[in-house]
Every structure is written in structure tokens, then in C-alpha cells.
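Residues per chain are reported as follows:
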Amino acid sequence: MEKFKENVNIEPAPVDISGHENIEVFGAREHNLKNIDVTIPRNKLVVITGISGSGKSSLAFDTIYAEGQRRYMESFSAYARSFIGDMERPDVDKINGLSPVISIEQKTTSRNPRSTVGTLTEIYDFLRLLYARAGIAYSYLSGKPMIRQSEDQIIDHLIKNFEGKKLIILAPVVKGRKGHYRELFVQIRKMGFTKVRVDGVVMEMVPKMQVDRYKTHDIEIVIDRIIADPNDRFRIAQSIKTAMNHGNGVMMVRDEDNQIHHFSKFLMDPETGLSYDEPAPNNFSFNSPYGACQTCNGLGQIEEISKESVIPDPNLSISRGGIAPLGDYRDIWIFKKLEAILKKNKANLTTPIKDLPDGVLDTLLYGDDVPVAVSSKKYPGTSWNTKFEGIIKFLEKQMEEGTEKTRQWISDFMTVKTCPTCDGARLKKESLHFLIADTNISQLAEMDIESLSQWFVGLEERLTDKQNQIAPEVLKEIRKRIGFLLDVGLDYLTLNRPLRTLSGGEAQRIRLATQIGTQLVGVLYIMDEPSIGLHQRDNVKLISALKNLRDIGNTIIVVEHDKDMMLASDFIVDIGPGAGRHGGNIVAASEPKTFLEEGSTTAQYLKGEKQIEIPKERRKGSGNSLTLKGASGNNLKNVTLEIPLGKMVCITGVSGSGKSTLIHDTLFPILNHHFFRSRKAPLAYNEIDGLKEIDKVIEVDQSPIGRTPRSNPATYTGVFSDIRTLFTELPEAKIRGYKAGRFSFNVKGGRCETCEGAGMKLIEMDFLPNVHVPCETCKGKRYNRETLEVRFKGKSISDVLDMTVEQAVEFFENQPKIVRKIKTLNDVGLGYISLGQHATTLSGGEAQRVKLATELSKKDTGKTLYILDEPTTGLHFQDIQHLLDVLNRLVDKGNSVLIIEHNLDVIKVADHIIDLGPEGGDKGGQIVAQGTPEEVAKSKKSYTAKFLKDELTSPNPS
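Since we're looking at a predicted model, the values are computed, not measured.

Calculation notes
- Positions within a chain are numbered from 1, following the residues in the order the chain's sequence is written.
- Local features in this predicted model are restricted to residues whose pLDDT is 70 or higher, and side-chain atom pairs enter the listing and the counts only when it is 80 or higher, whereas totals over whole chains, interfaces and linings include all residues.
- Each side-chain value is worked out from all heavy atoms of the structure, with water and hydrogens disregarded.
- Strands here mean DSSP runs of E at least two residues long; helices mean DSSP runs of H or I at least four residues long; both are numbered from the N terminus.
- Burial status follows relative accessibility: with a 1.4 Å probe on protein chains alone, a residue under 20% of its type maximum counts as buried, one over 50% as exposed, and anything between as partly exposed.
- A contact between two residues is defined here by any heavy atoms of the two lying within 4.5 Å.
- When DSSP finds two or more bridges between two strands, those strands count as paired.
- Angles shown run from 0 to 180 degrees and are taken between the N-to-C directions of axes, each axis being a line fitted to C-alpha atoms and, for helices, limited to the stretch in contact.
- A helix is expected to reach a length of 1.5 Å times the quantity of its residues less one.
- By definition here, a salt bridge exists when the distance from a side-chain nitrogen of Lys or Arg to a carboxyl oxygen of Asp or Glu is within 4 Å.
- By nonpolar core is meant a set of buried Ala, Val, Leu, Ile, Met, Phe, Trp, Tyr and Cys residues that side-chain atoms within 4.5 Å join together.
- Geometry of aromatic contacts follows a simple scheme: Phe, Tyr and Trp rings, the Trp one being its six-membered ring, pair when their centres are within 6.5 Å, and the pair is stacked under 30 degrees between planes, edge-to-face over 60, tilted otherwise.
- A positively charged side chain is recorded as over a ring if its NZ (Lys) or CZ (Arg) lies within 6 Å of the ring centre. The angle to the ring normal must also be within 35 degrees.
- Geometric relationships in this document are graded by angle, where less than 35 degrees denotes roughly parallel, more than 145 denotes roughly antiparallel, 65 to 115 denotes roughly perpendicular, and other angles denote oblique.
- Crossing handedness: left-handed means the near helix sits turned counterclockwise from the far one by under a right angle, and right-handed means the same turn made clockwise.
- Just so you know the grouping, Ala, Val, Leu, Ile, Met, Phe, Trp, Tyr, Cys and Pro go in nonpolar, Asp, Glu, Lys and Arg go in charged, and all remaining residues, Gly too, go in polar.
- Throughout, the protein atoms alone are placed on a 1 Å grid, and a set of points is a cavity if a 1.4 Å probe fits but cannot get out or a pocket if it is open with protein on both sides within 12 Å along at least five of seven lines; lining residues have an atom within 4 Å of a point.
- Grid points are joined across faces, edges and corners, and a volume is the space filled by probe spheres set on the points.
- By definition, pLDDT measures how confident the predictor is in each residue, and it falls between 0 and 100.

A.B. asks: I would appreciate a short explanation of the overall build of the protein in the present structure.
C.D. replies: Scanning the protein from N- to C-terminus turns up 35 helices and 34 strands. For the protein, the spread of C-alpha atoms along the principal axes amounts to about 100 × 90 × 65 Å. Relative to its 958 residues, the protein shows a buried fraction of 52%. Contacts spanning at least 24 positions in sequence make up 68% of the contacts within the protein whose residues lie at least 6 apart.

So this is what it looks like as C-alpha cells:
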């Protein structure tokens, strides 16, 4: 990269083909933008900032990116556009100097369990190519290298090792299969062969010959009997050619001592006769039937009905619902059958399950072949003798053959476990026995990127001469892509990490690394908060990667709130001054040095004139704690986590240090199972103490509140039910006889039937993402004309959904039940979103705050534990203050708040910090510091401590 930069003259900025040195936006009015004009320099790193809802995304994505995308569509032929449909032009007068645009957003890349970091970055694809062309095959039976032999090599081998000896040349046609093979023997006779070897015995062919159809057989054709004589080379060659032909490239030789020797023109183990197909890249793909483990179909996990999920409480008896799928005792056949089995084993339905002998319980769950008599009700004095298939076996059968509703019910008893065949490696046994430098492809995919990078250092010295001739180009591509991932601070991820488990920021940085790899020039990149989920230590790597992308001749626009990013940028655009209708203006637009002097709210926070105050004293808490002992999932090193209750606690640490593993994958599933009987299994731990000190757990994460336009903040928080009830009580609604369902857009009656109440119609694009367009009948209002005629204070139900939260607080001020729920949305800084805003348009941070508001509007118990994951996502400094006010309110009532966070403004005001590390991946997974922020800041081992110390001592970070 450095060498490349030397040859690129980046000053002055390259002039656009149209003659523009800047991107000029005139008259932008999209969403809340107030007819703004802005000039953005090209080939610079530009940050667009401003408080949440001020119009940053409206300018960056809905105006600049949308216009770039529209112009790209316009370049298609009229014929192609007829399939796509026209893209709507954003509400802007003119944009000059626009380059081809690439958007890298936060939206998680894929929910597909088959999509991994390796497949998205293409590193795994290059590894597949490397292993297919340069991998050395080993037998999974003997562990010895597999060999390929040409016909000439086989002849030379036989003459050299068996000279003068009698040999029988055999062509295998059946290997380890059942059947009578009558037709096969007829075919062999027709081909002119007189002898076959069946299960190790050579025999003459006879008419109507067959073998036992229920036994497993090995059958070989006796091709020839020869003496290994150099003078007879031509005959030996002909026999070997015939044997290879009939044996599909494989043949066998029996010597005078009755020993069998295997030969193949493919890969073969000469000791056991095991052969592999010729390797191809799809043999190493878990998404291909040629490479995927057949038990788990390449997922690395299987779902099964376990004994624990069917019997949640072994203290109960069967009659009291001890076997969950059956429920309590009823006078039905299944209970009569169980009663008969138990009676035979000197037990009954009232015996606690834990007191039943293991053998009896296994019979109940998995069945057996012994018939058991059950007395007939219909014919007294008679019995039915039937076998019992077992409860779990019955459920498994229904899972395959039952109705959708039955399968949905049975899925509650399914648990996910690592595939026992491939042990989570996802690939077939054969694929895992191709090695390069004594390592298989799955072992590489399980390494973190940092370790993988080290493995490739000096690899050529560990390769054979032949491998070194094949590998150079592939290794170059792999190393380049690994380098880009390291550049954006993702050294702790592994190639086999599913994309659906990544945070929005991680997924975005992977796509950023992929884009850096393309080395495009003259492109406008627009990114949405790429610093999410990134520790301050790694921020410098991200900024450096963005600058490299800029230096090769691209323009980078980043929507961001991060201090470091703003101060490192070339140009800052601040939009505001408020959110929603109070925003949409350019507050300031200049280089950072000038920007700091202009006095906007953002500038005041950057200079330290305004700041989030550090509390004068930390809370003492309730004196109780929740203690998780021996957590050892993923990279955790037998961690003991003690969370003091009645405090605001922050879990910190560099990316990949184990924060999510500890909280989301271990602690939360334990608590969720304890309070709500959730079936998600936690990762490994020893024990947990202090559960009696809390009575509820609520996790507020960044997953969407819905995946369709039907979901919105009003329905999610439940306030829409109250609003519909209010509308049904209006005189006009009563006269017309409208019930609450009339004002629902999810049921027939009051909704627009063209779009079925969605307000949008889905246009399916064949080779582009699907697009939602407003319904042409209701124009996006969701309801039919009659429903819209019912009005409250002059507003229809559709008008209410279009109101911002801020407007709705004023509108419903005299409706206490409604305003209480809406006000909590306002309190968490969401005053700018509309009540009916489609869930698909909410960012991860906004979705999280909607969930937080929903929980806040409920009555808390004073003993609730709230778990939040980076709640500052998408929040300006001023919004963080609002959020902290809300969280402090919760803690002041006696509740406990546990926050996974990288933002120092939140960390510095916490009562207690638990810092994981010291590094990410295998070098993390330990608690390196804990205590108050002041105590943690003194730690020598913690990276967080260094940044926290500066934050606590210096009010002016710039």
C-alpha cells in the first residue's frame, strides 16, 4: 500500500470528468431537509454529523446516494429499465460532481447460517482453491499419504516387486453393498469373463448365479491370471487397462500369498484400498453437496430432541406433566401404554421421573421391540399387545411428516448441538484429510485473523517444490485480503464466524475491507457509523484504512459521531440544530480547525466547552451481587463475573475480548431460562449465585423490531392499541358501528386491500435488492376512505401514524394512558421518528431505543436487571446525555443496568466497570480490571484504562 501511494499524486484533488472539484448539492428537501445547499470537497474524508434525527442520513443516503443510484439505473437500456421500473428521483434540485456511489451501511449482511466471514471476504474461496490444487491427501483409515498411479507406474511396480510370481488382476465392481446381484453376474458373463471373486473367494461363473441379498458383499471381476514377467509387458498392460476400465479407475492384485494390493489412477491409500475423488474447490465447500458433511448438511450443527428438553423437571411424575409434550394425565391411549410399561417395571405414573431406572426411562423416550399388553376399554377382559416407538421417536417422525403447526410445536423441544460426525467442521471426512503444512482447511477457518496471518508468514518454506510452483498467486490474494481485515481492526474474528452473529459495525467493516481490496478509484463511498463496536484503541486502524481509500483517489463520506473520526477528517458537515422538524439545516461545514471555532453544539463538545458531567460520587448499590462462576465459552478463560446490583455497570474491553460471549451467550440465557423458561442453552459455566436478588431480566439489543413495513414503533410499544380504542369511542365511529379492528391495518375491514394495509408494495427485482414503493390506491395511508373519515381533533388514524413522537406528545396531552407510552419514546431521544415509521427504516440504535422505551413504559419492580448492547449507537453527544438521564432514573429506583459499551462518555459515568481482555480472540477472555472508573483507570494491563484516564483527567480531548 505504501509503495502504491508513492506513485499516486493526491494533490491537488483530481478533477471530475464533468469538470467539478467538489460535490455540490442544491435544494435538498428529502424528509426533514430544509431546501439546503452544501458543497463537499472531492477526494477527501468528509464526516457528516449532527444530533440523531437531524437529517444526516437524509442528506448522505436518501439524497446523494439515491441520486447516484438513480443515475446508474438511467445508464441501463430502456429494455432493461422496463423490468426494473424507474427509481424515484430524490427531492433535490441538482447535484454536480457526483461519482459512482457505493453505500456501506450497518444493515447486517445476511441471516443465512451459511454466510461466514470467510465467504464474504472471499478468503475461504481462495483457500478452497489452494487446497484443491496444492493440498496433500492423507487416508483417514491409515493416516498415510494417498498416491496416484498411472498404468505405466502400476506395470513397473508389479514387474519390480513381483517378478516371476503368479498374480490375479481384479476389477472391483461392488464394494460393501447389500443385494443379490443376479443381473450383474449375467452382465459379467456376457462380457466374456468366467470367474469372479465374491467376499474374498474366487469362483466360477454359473447360470442364475446370485448371493444373499441381506448380507454386505464385495465383488470383483477376475480380469486375468498372469506371471509378472518383463517379457510379457504387453499382456500385463492390456489386462491392467481392462481392469481400470471395469473398476472405474481402481484395480486390485492378489499375490501368491493371498495378499491384496490396491492401485488407482485417482488418489488411493495403497494399504487399505481407500480412494478419494479428484479434489476440486467444491470438495472443500460446506455449501456444496460434494464437500458438505452429510449429517449436518454443512451447517456444523444439528437440531435434535433431547432428553432434557422433553423432561424439564425430573422431580415431577409423568401424571403431573413431567414429560412436557404429553402434559398432565388424561384418560387417553398414550398414558395407558406408559402405565403398562411402568407397571411391568414395578413403577407407576405417580413415580417421580428422577426415581425411574435409566433403562425404563430410555424405553419411554426411545421405545423398544418388546410388545406390552394394554387392557382394552372397548372389549373388557382383552388386551392389546403392541410395541411402543417411544415419545422422542414419535416426535422426530412428526417433525418430518406432520403439519406446519405440528412442526412448529415440536420445534420448542429441539435443541442445537455440534454435529457429532464432523465435530462442527462442516466438511466431509475426506475433505478434512487434505493438508497443507500439516493443517486442514477447517483448522485454518477456526483461527482468528491475527493467527491466520501469522500462519501464512513464511509458509513457502514449509511447502514442497511442487506446491510452491502452484501456490504463489493464490497466496498473494489471500494475504492481501487478510491484511485488509487487519487494517480495519477485525483481527479477532474467525473465517467460520457466521455473518448473522456480527454487530452492524463489524459487518460494515468487513464490507469496507472487501471494498479496499477492489482498489477502485474515483468512487464516492458513503458509510454509516463504521466505528460501531470498535474500541478506541482500534479506531486509529479504521481511520487509517479510510484515509488509504481516500489517498488512492476516492471520496469518503462518513455519517459519524465519533470524536476521533471528526478530528481526523478533512471536512465536517454539521446538520441541525435540532431533530426532526427542528433540524434539516446546515449548522456548519468546514475543515476541522475552522469548524471548532464556529461554535455549533458539536464543536462545543469537541472542544470540551460542553461535556457529559462525571458524577460527584458513585452509587453504593444494594450491597447484593449476581455472581457467574467458571464461564468458559468460546475464548473465555474460566471467568468469574461478579455484578454488583443497584448500580450502572459497564462491560468494556477491546473488540473480540469476550464481552458478548460472557453477557449475551452465557449470562442472559441462564437468567432467561430461570425467569421465563427460555430453551436457548447458555455456553459453558459452573454455577450462578444471587438469582434471588433480582426478579426479572430484560435484554435490549439492536436486532430489528420487525422485518416488514407492517412493524413500527406504535405497534411495538403497544400504544397503537390504545389509540385504536380511542378512535372507536369517537361519536362518528359509534354511529358507523366501527370496532377496534376497523382501525387496524393488519385485518380486513378498514385497511386498503390493494396493499393489505402495508402502505407499500414490494417490487421484486431480478438482479437487484427488492424495492418497496408507496401503494397507488391509498398513497401510503394504509386505510380505505371510510376509515379515514373518522377524525380525532381533525386528524385521521393515518395522520396520527404520520406524526412524529414529539408532535404526538402534544396532540395526546390529555390522554394519560397514551401519552405515558409516547413520552418514553421522546425521553430516549426518539422525538424525531414518526409513530408509524416502518421498522425496516430504523437503524440498529433506533430499534434498540424503541425497545428501551417500551420497557420504560412498563411498571418496573425495582429489582429488574436491564442488559443493553451499545445503546449509544447512532447517538450524538447531546443524545447520550438524554439516554443517561433515562438509565440513571432506572438505577435510582433500585434496578440494575448492565451495559456493553465502548463509548467513553458512558463508561466514565458508570458506577462500576468490568474490563475484559487484554486482547481480542484467543489472547482475550479474562477480566483484566474491575471497580469504579477511577480504580480501573489505574490498571496497567487494560487498554480501556489508558483512554479512560485521559477522559477523567482532561476535559478537553481535542
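A.B. asks: I would appreciate a short explanation of the sheet that holds strand β25 (residues 639-644) in the present structure.
C.D. replies: The strands that make up a sheet are held in pairs by hydrogen bonds between backbone atoms, and each pair lies either parallel or antiparallel. If you walk across this open sheet you meet the 3 strands as β25-β24-β27, and the pairing is antiparallel. The open sheet is flanked by β25 and β27 (687-689), the only strands paired with a single partner. Ignoring strand direction, the axes of neighbouring strands in this sheet form an average angle of 10 degrees. In terms of strand pairing, strand β24 (residues 625-631) meets β27 through 3 bridges, oriented antiparallel. Bridging across to β27, Leu 628 finds its partner in Ile 688.

A.B. asks: So what exactly am I meant to see when it comes to helix α30 (residues 816-827) here?
C.D. replies: Along an α-helix, residues three or four positions apart point the same way, because every turn accommodates 3.6 residues. Taking 1.5 Å per residue, 12 residues should reach 16 Å; α30 reaches 16 Å between its end C-alpha atoms and fits that length. Within the span of α30, buried status applies to Ile 818, Val 819, Lys 821, Ile 822, Thr 824 and Leu 825.

A.B. asks: Help me understand the side chain of Thr 116, please; the structure alone is not making it clear to me.
C.D. replies: Following the sequence through the fold, Thr 116 ends up in the loop between β5 (101-104) and α4 (117-121). Excluding anything up to four places from it in sequence, Thr 116 contacts Phe 286, Arg 426, Leu 495, Asn 496, Arg 497, Pro 498 and Leu 499.

A.B. asks: Teacher, can you tell me more about the side chain of Arg 550 here?
C.D. replies: Following the sequence through the fold, Arg 550 ends up in helix α19 (residues 536-551). On the basis of relative accessibility, which here comes to 14%, the residue Arg 550 falls in the buried class. Excluding its chain neighbours within four sequence positions, the residues that come into contact with Arg 550 are Asn 43, Lys 44, Leu 45, Ile 556 and Asp 570.

A.B. asks: Would you mind going over the sheet that holds strand β31 (residues 864-869) with me for this structure?
C.D. replies: Taken in spatial order, the 6 strands make up an open sheet running β28-β31-β32-β26-β33-β34, and their pairing is mixed. Sheet topology places β28 (696-700) and β34 (926-931) at the edges, where each strand pairs with a single neighbour. Across this sheet, the average inter-strand angle for adjacent strands is 15 degrees, counted without regard to direction. In this sheet, β34 lies alongside strand β33 (residues 912-917) in antiparallel orientation, the contact comprising 5 bridges. Note on β34: the bridge partner recorded for Leu 916 is Ile 927.

A.B. asks: Just checking my understanding: could you explain the pattern of salt bridges for this structure?
C.D. replies: Once their charged atoms are close, side chains differing in charge can pair, the charge on each being opposite to the other. Per the counting criterion, the structure on display carries 45 salt bridges. In this structure, Glu 278 and Arg 148 form a salt bridge, with 2.9 Å as the shortest nitrogen-oxygen distance. With Glu 278 in the loop between β14 (275-276) and β15 (301-305) and Arg 148 in the loop between β6 (136-137) and α6 (151-161), this residue pair connects regions lying 130 residues apart in the sequence. Taking the relative accessible area as the measure of exposure, Glu 278 reaches 36% and is therefore partly exposed. Lys 541 serves as the salt-bridge partner of Asp 538, at 4.0 Å between the closest nitrogen and oxygen. Of this pair, Asp 538 and Lys 541 both sit in helix α19, 3 residues apart, which is roughly one turn of that helix. When its relative accessible area of 1% is taken as the criterion, Asp 538 is described as buried. When salt bridges that share partners are traced, they join Glu 732, Arg 736, Arg 785, Glu 786 and Glu 789 into one network.

A.B. asks: How should I be thinking about the nonpolar core in this particular structure?
C.D. replies: Proteins that are soluble and globular tend to have nonpolar side chains buried together. Ranked by size, the top nonpolar core spans 79 residues in total, and within it Leu 127, Leu 130, Phe 456, Ile 478, Leu 512 and Leu 546 carry the most contacts. No other element matches the 8 residues that helix α5 (residues 123-134) contributes to this core. Excluding its chain neighbours within four sequence positions, the residues that come into contact with Ile 478 are Ile 123, Phe 126, Leu 127, Leu 130 and Phe 456.

A.B. asks: Would you take a moment to explain the environment of Ile 154 for this structure?
C.D. replies: Position of Ile 154 among the secondary structure elements: in helix α6. Along the sequence, Ile 154 and Ser 264 sit 110 residues apart, while their C-alpha atoms lie 8.7 Å from each other. Excluding anything up to four places from it in sequence, Ile 154 contacts Gln 149, Ile 240, Met 244, Met 251 and Phe 263.

A.B. asks: Would you explain the packing of aromatic side chains in this entry?
C.D. replies: Aromatic ring pairs are described here by two measures, namely the spacing of the ring centres and the angle between the planes. Inspection of the entire model under this criterion finds 19 aromatic pairs. Measuring from ring centre to ring centre gives 5.0 Å for Tyr 72 and Phe 76, while their planes differ by 75 degrees; the resulting arrangement is edge-to-face. Given a relative accessible area of 47%, Tyr 72 falls into the partly exposed group. Owing to a relative accessible area of 17%, Phe 76 belongs among the buried residues under this scheme. In this structure, Lys 429 packs its charged tip against the face of Tyr 140, placed 4.4 Å from the ring centre. The aromatic ring of Tyr 943 is capped on one face by Arg 537, whose charged end is 4.4 Å from the ring centroid.

A.B. asks: What am I meant to see in the packing of helix α10 (residues 333-344) against helix α11 (residues 358-366) here?
C.D. replies: The description of two helices packed together rests on the angle between their axes and the distance between the axes. Orientation of α10 relative to α11, taken along the N-to-C sense of each, is 160 degrees, at an axis distance of 11 Å. In terms of their interaxial angle, α10 and α11 are classed as roughly antiparallel. Pair α10 / α11 crosses with right-handed handedness. When α10 is examined against α11, the residues Leu 338, Ile 341 and Leu 342 are found in contact with a partner set consisting of Val 360, Thr 363 and Leu 364. A class-by-class count of the residues in the contact of α10 with α11 yields 5 nonpolar, 1 polar and no charged.

A.B. asks: Just to check I follow, could you spell out unusual backbone geometry for this structure?
C.D. replies: For residues other than glycine, phi is negative in most cases, and the peptide bonds are mostly trans. Here the bond from Gly 576 into Pro 577 is cis, since omega is 0 degrees, no more than 30 degrees from zero. Here Pro 577 is to be found in the loop between β22 (571-576) and β23 (585-590). Cis geometry is found at the peptide bond from Gly 917 to Pro 918, where omega equals 0 degrees. Within the secondary structure, Pro 918 sits in the loop between β33 and β34. Although it is not a glycine, Glu 122 adopts a positive phi angle of roughly 70 degrees. Mapped onto the elements, Glu 122 comes out in the loop between α4 and α5. Positive phi is not limited to glycine here, since Gln 519 has a value of about 55 degrees. Checked against the element boundaries, Gln 519 lands in the loop between α18 (504-518) and β20 (524-528).

A.B. asks: Sorry if this is basic, but what is going on with the packing of α6 against helix α8 (residues 233-246) here?
C.D. replies: Running from N to C, α6 and α8 cross one another at 125 degrees; their axes reach a closest spacing of 10 Å. Of the possible angle classes, the one that applies to α6 and α8 is oblique. Here α6 runs over α8; the crossing is right-handed. On α8, the residues touching Glu 151, Asp 152, Ile 154, Ile 155, Asp 156, Leu 158 and Ile 159 of α6 are Arg 233, Ile 236, Ala 237, Ile 240, Lys 241 and Met 244. For the contact of α6 with α8, the residue count by class is 8 nonpolar, no polar and 5 charged.

A.B. asks: Help me understand α11, please; the structure alone is not making it clear to me.
C.D. replies: Taken together, the buried positions of α11 are occupied by Val 360, Leu 361, Thr 363, Leu 364 and Leu 365. The positive-phi residue at the C-terminal boundary of α11 is Gly 367, with phi of around 75 degrees.

A.B. asks: Where do I start with the pairing of β22 in this structure?
C.D. replies: Successive residues of a regular strand alternate their side chains across the two faces of the sheet. Among the 6 residues that make up β22, 6 are buried, leaving the element largely enclosed by the rest of the structure. Examined bridge by bridge, strand β3 (residues 45-49) and β22 share 4 bridges and lie parallel to one another. Within β22, the residue paired with Val 46 across the bridge is Phe 571. Bridge analysis of β22 against β23 gives 5 bridges, and the strand direction is antiparallel. Within β23, the residue paired with Val 573 across the bridge is Ala 589.

A.B. asks: Whenever I open this one, the layout of surface pockets confuses me. Can you help?
C.D. replies: Empty space among the atoms becomes visible once a probe the size of a water molecule is rolled across them. In this structure, the second largest pocket encloses a volume near 600 Å³. Lining the second largest pocket we find 34 residues, and of these Gln 536, Asp 562, Lys 563, Asn 903 and Leu 904 sit closest to its centre. Only α19, α20 (563-568), α32 (877-892), α33 (904-907) and α35 (943-953) provide two or more residues apiece to the lining of the second largest pocket. Considering each element in turn, the lining of the second largest pocket owes the most residues, 4 residues, to α35. Within the lining of the second largest pocket, the residues separate by chemical class into 10 nonpolar, 13 polar and 11 charged.

A.B. asks: Mind showing me how you'd approach the confidence of the model for the protein here?
C.D. replies: In regions of low pLDDT, the predicted coordinates are not meant to be interpreted in detail. Residue-level pLDDT values for the protein average 88, and 95% of them are 70 or greater. When pLDDT is averaged over each helix and strand of the protein, the minimum, 39, is found for helix α1 (residues 2-6) and the maximum, 97, for β3.

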